[in-house]
Amino acid sequence: MEKGLVFDIHRGTTHDGPGMRTTVFLKGCPLHCRWCQNPESMNPDRELEWDAKKCIGCMSCITHCQAKALSPGEDGIRINRKICRDCFTCADQCPSKAMSVVGRYWDTSDLVKEACKDSMFFDDFSGGVTVSGGEPVLQHKFLYEFLEALKMQGVDTALDTSGFGKRERYEKIYPYVDTFLYDIKFMDEKLHQEYTGVSNKIILDNLRFVADKIRKQKDTRLWIRTPLIPGATAVKENIEEIGWFIQKELADVIERWELCAFNNVCKEKYVKIGQDWEYGHCRLMEEKEVRELAAAAETYAKGNVVVSGLMGDAS
Ligand code: SF4
Ligand code: SF4
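Residues numbered from 1 in each chain as written. Chains lettered and ligands numbered in written order. Predicted model: local features only at pLDDT ≥ 70, side-chain atom pairs only at ≥ 80, totals over all residues. Heavy atoms only, no water.

Trainee: Would you mind showing me how to read the overall build of the protein chain here?
Mentor: Scanning the protein chain from N- to C-terminus turns up eleven helices and 13 strands. The principal-axis extent of the C-alpha atoms belonging to the protein chain is close to 60 × 45 × 35 Å. Going through the 315 residues of the protein chain one by one, you find that 50% of them count as buried. Restricting the contact set of the protein chain to residue pairs at least 6 apart, pairs at least 24 apart contribute 68%. For the protein chain, the accessible surface area stands at approximately 15,400 Å², while carbon and sulfur atoms represent 49% of it. Once the 43 positive and 49 negative side-chain charges of the protein chain are each reduced to a mean point, those two points are 3 Å apart. (Helix = DSSP H or I, 4+ residues; strand = E, 2+ residues; numbered from the N terminus. Buried < 20%, exposed > 50% of the residue type's maximum accessible area, 1.4 Å probe, protein only. Contact = heavy atoms within 4.5 Å. Areas by Shrake-Rupley, 256 points an atom, 1.4 Å probe, with all protein chains shown as cover. Lys, Arg positive; Asp, Glu negative; His and termini not counted. Charge placed at Lys NZ, Arg CZ, Asp CG, Glu CD.)

If you want it as structure tokens, here you go:
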């Protein structure tokens, strides 16, 4: 049986698919979106994070690190990640949990139990379990087992995916997904490469595959999601290009096109894992700008456009 590396579980989410849901976040992502809101998701392995607010300065972590990867610095504990051996002794020894490990391995059955703790609400609020990331398809063997186990229990499932993965993985997973939350960030391949680190060719090809399946089987929902990043994706021309693609190739299968306004609440996460973030000082989107882009999107996907991230609510 496969084990899955999970970095977070959110309960009572209302933006990760239909109804009220529990979202399970799998660790690891082949994309490196420059605006990424979950930087702790990128690394496919467990990693250390250090929280200055929790640290009581006892130095126990430094004392117990045999690799001498920790040292006191002006801003607190410094981690030399080049020589760290990922033994996580420091986290075990930290009395305040300031030093901790991102990522925990789960058996399928344990994770199903954990994800379904709120299952009484799934029926009442037409919800279920969403698998997000990172890119969940990176852990495709575990993902398959997990989705299959959820379906065997009659749980509604959603998959939040970048679409970047081998076709056969999407073929295998498709029967166990009730809703695809599928990102289209750019239509322009060069811009996609520049801002995410990968081409969008496989992503669009896999999306065409998913759309074809839905067209034939009419058993799965498709929600497209586009992050609105100032100066990058939140450009009218890009929204129009995506809109044109949706109108031409997805009009008969798409249920929703969600425009997700950029926010920077994840700034602290970058600090905790010791990374700089070029979008840390990026301005937020103004409501007027978002509404204008949504109006442009409406031209191509009438009645299906939803805005999220403004005042924290989909509207
Ligand atoms: S994980 Fe191990 S090697 Fe790395 S800093 Fe902590 S104690 Fe040292
Ligand atoms: S063991 Fe924890 S609380 Fe003590 S100095 Fe290290 S990080 Fe801070």
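More follows now that the structure is in view.
Trainee: In this structure, what is going on with helix α3 (residues 108-115)? I would like to understand it.
Mentor: Residue pairs spaced three or four apart in an α-helix point in one direction, given the helix's 3.6 residues per turn. Within α3, the full set of buried residues consists of Thr 108, Leu 111, Val 112, Glu 114 and Ala 115. Along the axis of α3, the buried positions cluster into a sector of 165°, meaning they face one direction only. Buried positions along α3 lie against β1 (3-13), β2 (21-26), β7 (104-107), α4 (119-124), β8 (128-132) and α5 (140-152). (Arc of directions from axis to C-beta.)

Trainee: Teacher, can you tell me more about the packing of aromatic side chains here?
Mentor: Each aromatic ring pair is characterised by the separation of its centres together with the angle its planes make. In the structure shown here, the tally under the stated rule is twelve aromatic pairs. The interplanar angle of 10° and the centroid separation of 5.8 Å between the aromatic rings of Phe 142 and Phe 146 together place this pair among those described as stacked. Pair noted here: Phe 142 and Phe 146 are both in helix α5, with a separation of four residues, about one helical turn. Of the residues examined, Phe 142 reaches a relative accessible area of 2% and is grouped as buried. By relative accessible area, which is 0% here, Phe 146 ends up buried. Centre to centre, the rings of Phe 262 and Trp 277 are 6.1 Å apart; their planes meet at 40°, and the pair counts as tilted. (Phe/Tyr/Trp six-rings, centres within 6.5 Å; stacked < 30°, edge-to-face > 60°.)

Trainee: Could you clarify how one ought to interpret the site of ligand 1 in this entry?
Mentor: In the region of ligand 1, the neighbouring residues are Leu 48, Cys 65, Ala 67, Ala 69, Leu 70, Cys 84, Arg 85, Asp 86, Cys 87, Phe 88 and Cys 90. When the residues that make up the shell around ligand 1 are grouped by side-chain class, the tally is nine nonpolar, no polar and two charged. (Near = heavy atom within 4 Å. Nonpolar A, V, L, I, M, F, W, Y, C, P; charged D, E, K, R; others polar.)

Trainee: In this structure, what is going on with the packing of helix α8 (residues 201-217) against helix α9 (residues 236-250)? I would like to understand it.
Mentor: Across the interface, α8 lies against α9 with an axial gap of 11 Å and an inter-helix angle of 35°. Viewed along their axes, α8 and α9 form a crossing whose handedness is right-handed. Only Phe 245, Glu 249 and Leu 250 of α9 make contact with α8, whose side of the interface consists of Leu 204, Leu 207, Arg 208, Ala 211 and Arg 215. Classifying every residue of the contact of α8 with α9 gives five nonpolar, no polar and three charged. (Axes fitted to C-alpha atoms, helices over the stretch in contact; angles between N-to-C directions. Left-handed = near helix turned anticlockwise from the far one by under 90°.)

Trainee: Explanation requested: the pattern of salt bridges in the structure shown.
Mentor: Side chains that differ in sign of charge can pair as their charged atoms come close. What the rule picks out here adds up to 25 salt bridges. When the shortest N-O distance is used, the salt bridge between Arg 34 and Glu 278 registers 2.9 Å. Of this pair, Arg 34 sits in the loop between β2 and β3 (47-50) while Glu 278 sits in the loop between α10 (267-272) and α11 (287-298), placing them 244 residues apart in sequence. With relative accessibility at 27%, the residue Arg 34 sits in the partly exposed group. Asp 252 is paired through a salt bridge with Arg 215; the nearest N and O atoms lie 2.7 Å apart. With Asp 252 in the loop between α9 and β12 (256-261) and Arg 215 in helix α8, this pair connects stretches of sequence that are 37 residues apart. (Salt bridge = Lys/Arg side-chain N within 4 Å of Asp/Glu carboxyl O.)

Trainee: Is there a simple way to think about the side chain of Asn 200 in this case?
Mentor: Looking at the secondary structure, you find Asn 200 in the loop between α7 (189-196) and α8. Overall, Asn 200 belongs to the buried group, its relative accessible area being 4%. Polar contacts involving the side chain of Asn 200 include one to the main-chain carbonyl oxygen of Met 187, which spans 3.0 Å. Apart from residues lying up to four places away in sequence, Asn 200 is in contact with Phe 186, Met 187, Asp 188, Glu 189 and His 192. (Polar contact = N/O pair within 3.5 Å; in protein donor to acceptor, adjacent residues only side chain to side chain.)

Trainee: Explain the site of ligand 2 to me, please; I cannot follow it from the model alone.
Mentor: Taken together, 14 residues sit near ligand 2, with Cys 55, Cys 58, Met 59, Cys 61 and Cys 94 positioned nearest. Its residues assigned to classes, the shell around ligand 2 comprises eleven nonpolar, three polar and no charged.

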